[in-house]
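# A look at the structure
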Amino acid sequence: MRDTHRERERERQRYRQREKQAPCREPDMGLDPGSPGSGPGLKAALNCWKADPEAHTPPPLQEPSGPSPPSQAQQKESVQAVRRSLPVFPFREELLAAIADHQVLIIEGETGSGKTTQIPQYLFEEGYTKKGMKIACTQPRRVAAMSVAARVAREMGVKLGNEVGYSIRFEDCTSERTVLRYMTDGMLLREFLSEPDLASYSVVMVDEAHERTLHTDILFGLIKDVARFRPELKVLVASATLDTARFSTFFDDAPVFRIPGRRFPVDIFYTKAPEADYLEACVVSVLQIHVTQPPGDILVFLTGQEEIEAACEMLQDRCRRLGSKIRELLVLPIYANLPSDMQARIFQPTPPGARKVVVATNIAETSLTIEGIIYVLDPGFCKQKSYNPRTGMESLTVTPCSKASANQRAGRAGRVAAGKCFRLYTAWAYQHELEETTVPEIQRTSLGNVVLLLKSLGIHDLMHFDFLDPPPYETLLLALEQLYALGALNHLGELTTSGRKMAELPVDPMLSKMILASEKYSCSEEILTVAAMLSVNNSIFYRPKDKVVHADNARVNFFLPGGDHLVLLNVYTQWAESGYSSQWCYENFVQFRSMRRARDVREQLEGLLERVEVGLSSCQGDYIRVRKAITAGYFYHTARLTRSGYRTVKQQQTVFIHPNSSLFEEQPRWLLYHELVLTTKEFMRQVRGPSFAQESEDVWGGRILARFNLLRLAEKQENINLR
DNA sequence: GAGCACTGC
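Residues numbered from 1 in each chain as written. Chains lettered and ligands numbered in written order. Predicted model: local features only at pLDDT ≥ 70, side-chain atom pairs only at ≥ 80, totals over all residues. Heavy atoms only, no water.

Looking at an unreviewed UniProt entry, one finds chain A named RNA helicase, with Canis lupus dingo as its source organism.

In structure tokens form, the structure reads like this:
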């Protein structure tokens, strides 16, 4: 045990050394609080809106005067002045005393209170990083970890990567000197594998805990456990106002420390009656705001790309018809899949006399902040992923957002000045129809990965693991069952040698099984590519509306007999031959961003091969070997053609080949699929057929049945019923 | 014959 521990630590050091050669990036999108703007005064609301008298947020605290630019000597002093002006500053001593007195402290603070940047610095100043101990601060997002670290490094007057650094996937900007580590929550979770007791940390601060990401939720359980046998470890849980009582209860009634935020008031208005067509209502409302309201940009929340494009078209169309009767209105879409140059447009300042309307997905709710927004228009819907553990099917559906989410959206109007939020639903609906909070991710997602990680941390009794909100029973069962079928767990529910290796790979268990199997079939080069391409969950192919025919032709040109996995391999190989060129992507209607991500994933996996004892080897065009390795991981995902579509072997579910698949026309008798998604129908995405008839009957059918019989043993072990 | 919210390791 100890040996592998040390080995891992050495590997980690080597990894850091490698990474250090690359200079740390300065993030492009800062999270810095906005400078005070001269906001317009509040006027009477629009006719169709009813003001909610109780929705007034308290008046803002005094904004600090910005740092004075001229002399360098003054700069250090002005940095300290800005630090002192943050809402958290007056609480410094009281906060440090509370941390000294209690092992776990819940910190309740709004955005802009300075908790993320200041508290770790206070702890540093107080000596919590003496004797080589470190402070970790986790963030749900990569950009946040990077930009906060950059800001703290500036405030402390050190080079980013020295005393202050960040650690995110694909990029480790820390060194031996680093004592303040900002990192993504997933990164800290991975660190448990090499340091299960977090021995090198004196303080762990979990920031943005209210977001309840899957990784944050797992961290809670693990950290609570570590804290029990490491009484000197300090745990800070930082969250917005929401749910702090729950965190406190979870951590054995840990005290809650409140820090006021700095926000401008936002007036909230509701419609008097429900809207039948919210897209149309949105467009009309934007124009109404534009015509009747004082200057200030507008932010509209819609659910997805399609809706956003439609809304933007409608808005531009109507503006064109109104012509010079209204002032200029810049209509700008923003969503994650939008090409970066288009995304950058929303950050350009609005020209004088004009007004900007940004039509966004949830990306504008937390991930990015647009300066100058005074008006928010919220129809109250979002797309949400859900997971059905009985069928193993994921779906993405439009659902009403939670109250928490609605308030977060409204808050986007009050960042630079007093703002207004127009909700396209009634006050009654807000009160009675919206859930308080969004269902935490842990209850809406498949958990194969997480279960494998927990098992490898020695947590055997998952049913009784201390979850803040436990996932559905069935989700855990399905995960255990699949891990058992993959040979990652033995009949006693213990991790096997191969399971231990699988846990080292940051991909789904079925993918890691496939990678391990590539050793046997000597095709790890190809399998790494397939795995990397499969884990890019965006579609690889770009299909702009005005070039549908070209795009579809380009896609078909990549088709190879043998199914979608080989098509993905083909795309990647050709791209690599082009020298990883963006031009090549453009010409072939392939998404450059997705490919770059696939390359990052592939490189990371390649770097981990040694650790899981898989050698690099190529099948030299013998694709049967690639297919066999895929089967080793995905035999669990098979389906047989019946008269009424395909029937999955395990769940006897009726499913269909996705129309984008290369096998859509072929309809082979047996199929292996990567995943099931429920959209307009139950679809299998990324499928491949058997390479020969015998494989389908004997290998697939026989093997699956043999595995399922073994499930009885699993049932005995877990003392549960799996069927 | 369909259609991709957002993150993260």
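This part covers helix α10 (residues 305–322). Think of an α-helix as turning once every 3.6 residues; residues three or four places apart then point the same way. Here α10 is 18 residues long and its end C-alpha atoms lie 26 Å apart, about the 26 Å a rise of 1.5 Å per residue gives. All of the buried residues in α10 are Glu307, Ile308, Ala311, Cys312, Leu315 and Cys319. Buried residues of α10 fall within an arc of 130° about the axis and therefore sit on the same side. Those residues of α10 that are exposed and aimed more than 90 degrees away from the buried face are Glu306, Glu313, Arg320 and Arg321. Its buried side turned inward, α10 meets α9 (278–292), β12 (329–334) and β13 (355–360). (Helix = DSSP H or I, 4+ residues; strand = E, 2+ residues; numbered from the N terminus. Expected span 1.5 Å × (residues − 1). Buried < 20%, exposed > 50% of the residue type's maximum accessible area, 1.4 Å probe, protein only. Arc of directions from axis to C-beta. Contact = heavy atoms within 4.5 Å.)

In this section: the UniProt feature "domain: Helicase ATP-binding" (unreviewed entry) in chain A. Here, UniProt's "domain: Helicase ATP-binding" (unreviewed entry) annotation points to residues 96–260. The distance separating the terminal C-alpha atoms of residues 96–260 is 17 Å; by composition the span is 39% helix and 25% strand. (UniProt positions renumbered as here; feature names shortened; annotations may be inferred.)

Note on placement: alanine 145 falls in helix α5 (residues 142–156). Apart from residues no more than four positions distant in its own chain, alanine 145 is found in contact with Gln139, Tyr166, Ile168, Tyr182, Met183 and Thr184.

Around DNA strand B, 32 residues are found, and the nearest of them are Arg142, Ala336, Lys383, Arg543 and Thr679. Here the atoms of DNA strand B within 4 Å of the protein split so that 59% fall in sugar or phosphate, with bases taking the remainder. Within the contact set of DNA strand B, a base nitrogen lies 3.1 Å away from a backbone nitrogen or oxygen of proline 506. Between DNA strand B and proline 659, the relevant distance is 3.4 Å, taken from a base nitrogen to a main-chain nitrogen or oxygen of the residue. Secondary structure elements with two or more residues in the surface near DNA strand B: α6 (185–194) and β15 (381–388). Considering every element that reaches the surface near DNA strand B, the biggest residue donor is α6, with three residues. For the surface near DNA strand B, the residue count by class is eleven nonpolar, 14 polar and seven charged. (Near = heavy atom within 4 Å. Polar contact = N/O pair within 3.5 Å; in protein donor to acceptor, adjacent residues only side chain to side chain. Nonpolar A, V, L, I, M, F, W, Y, C, P; charged D, E, K, R; others polar.)

A few words on the domain arrangement of chain A. Splitting chain A by domain gives domain 1 (31–58 + 264–439) and domain 2 (86–259). Listed by partner, the interface residues are seven residues for domain 1 and nine residues for domain 2. Summing both sides of the interface, domain 1 and domain 2 together bury roughly 650 Å²; the carbon and sulfur share of this comes to 58%. Put simply, domain 1 and domain 2 have zero salt bridges between them. Run the count over domain 1 and domain 2 and you get zero residue pairs in polar contact (both at pLDDT 80 or more). Across the side of domain 1 that touches domain 2, the residue classes tally to three nonpolar, three polar and one charged. (Domains from an automatic or database assignment. Buried area = accessible area lost by both parts, 1.4 Å probe. Salt bridge = Lys/Arg side-chain N within 4 Å of Asp/Glu carboxyl O.)

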